Amino acid sequence: MSVRVRIPTPLRPLTGGRALVEASGANVAEVIGALASDAPALRAQLLSEDGKLRSFVNLYLNGEDVRSRSGLDTALADGDELTIVPAIAGGVRLRPAP
Amino acid sequence: MNDVASPTVRMAHGVLSAIRQEATRAYPHEGCGALLGPAPGEVSETLPLPNQEQGNPRVRFTVSPQDYLATEASADSRGLSLLGFWHSHPDHPARPSPTDRAYAWPGLLTLVIAVERGSPGELTAWDVPGPEAPFRQLELRVDPD
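Residues numbered from 1 in each chain as written. Chains lettered and ligands numbered in written order. Predicted model: local features only at pLDDT ≥ 70, side-chain atom pairs only at ≥ 80, totals over all residues.

K.L.:
I keep staring at the overall build of chain B and nothing clicks. Help me out?
P.N.:
Counting its secondary structure elements, chain B contains three helices and nine strands. Ordered by position from N to C terminus, the α and β elements of chain B give β-α-β-β-β-β-α-β-α-β-β-β. Here the C-alpha atoms of chain B give a radius of gyration of 14 Å, agreeing with the 15 Å that 2.2 N^0.38 yields for 145 residues. With the principal axes as the frame, chain B shows a C-alpha extent of 35 × 35 × 30 Å. Counting over 145 residues, chain B shows a buried share of 47%. Sequence-distant contacts in chain B: of pairs separated by 6 or more residues, those separated by 24 or more amount to 63%. (Helix = DSSP H or I, 4+ residues; strand = E, 2+ residues; numbered from the N terminus. Rg over C-alpha atoms; globule rule 2.2 N^0.38 Å. Buried ≥ 20, exposed ≤ 12 C-beta atoms within 10 Å, placed from the backbone. Contact = placed C-beta atoms within 7 Å.)

K.L.:
Looking at this structure, how should I read helix α1 (residues 28–38) of chain A?
P.N.:
Because each turn of an α-helix spans 3.6 residues, side chains separated by three or four positions in sequence point in the same direction. All names here are of chain A. The set of residues buried in α1 consists of Val28, Val31, Ile32 and Leu35. Along the long axis of α1, the arc covered by the buried residues comes to 100 degrees, so they all point the same way. Of the surrounding elements, those touching the buried residues of α1 are β1 (2–6), β2 (20–24), α2 (40–46), β3 (57–61) and β5 (81–86). (Arc of directions from axis to C-beta.)

K.L.:
Any chance you could explain the pairing of strand β9 (residues 136–143) of chain B here in plain terms?
P.N.:
In the case of a regular strand, side chains alternate between the two sheet surfaces. As defined by bridge partners, strand β1 (residues 8–12) of chain B adjoins β9(B) across five bridges and the pair is classed as parallel. Residue pairing across strands places B:Val9 opposite B:Leu140, the latter belonging to β9(B). (Pairing = 2+ DSSP bridges.)

K.L.:
For this particular structure, what's the right way to read the interface of chain B and chain A?
P.N.:
A common way to express how large an interface is: the accessible area buried when the components associate. Contact residues are listed per partner, giving 30 residues for chain B and 23 residues for chain A. Of all the secondary structure elements, the ones that give two or more residues to the side of chain B that touches chain A are β5 (61–63), α2 (65–77), β6 (81–90) and α3 (98–103) of chain B. Here the residues of the side of chain B that touches chain A are counted per class, giving 16 nonpolar, nine polar and five charged. Pairing analysis gives three bridges linking strand β6 (residues 88–90) of chain A to β5(B), with the strands arranged antiparallel. Across the sheet, residue A:Ile88 finds its bridge partner in β5(B), namely B:Val63. (Nonpolar A, V, L, I, M, F, W, Y, C, P; charged D, E, K, R; others polar.)

Put into structure tokens, the structure is as follows:
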């Protein structure tokens, strides 16, 4: 499946400055793997060492949070759009990681 | 692209005034906003954003994914870059907390402004040079408008 992936500003240095890239994969994990084959550092930004989606990364498939579907196993169709959104938060009080 | 190695952040005085004003308005809650500019380390405007923290907005802030995307689209459509975000620390120093570090992204500036008893105070600038790196303080230079 060929999908479009929207790249957030802080990751664009890893995609040659591009905000929108094309990638192929049957599910979200495969698409991230395809992106990481061109930019290995991107995998480290998105996935933990055990291959799970990092807490501070949101992924939306056609506007819907993939965590509300099947996460990295969410199946893709031709023409889908995957959007990577950094979680922006903080504050003076320490809180557990989400 | 953002140059996270930029040791200096330049900011128009009007941006500083806008941050101070919004941080004061938000007090005693944490205020927040986006930082946009034409080049890495050159902040030309700030967009105030609602603190969407549902728990305790006096000590935490959250930018919604929708607001993030709208802000980034606004920057992209005008040939600007989303350089980072600022937030306030009500009645706390302008030093990033462990929570701030946990959420910090390489490639995005973190600016922190102290608000003491409702009055804006020190503003500091930080970045993280790598995914596991600690915050690095940057020189903040305010230019006259």
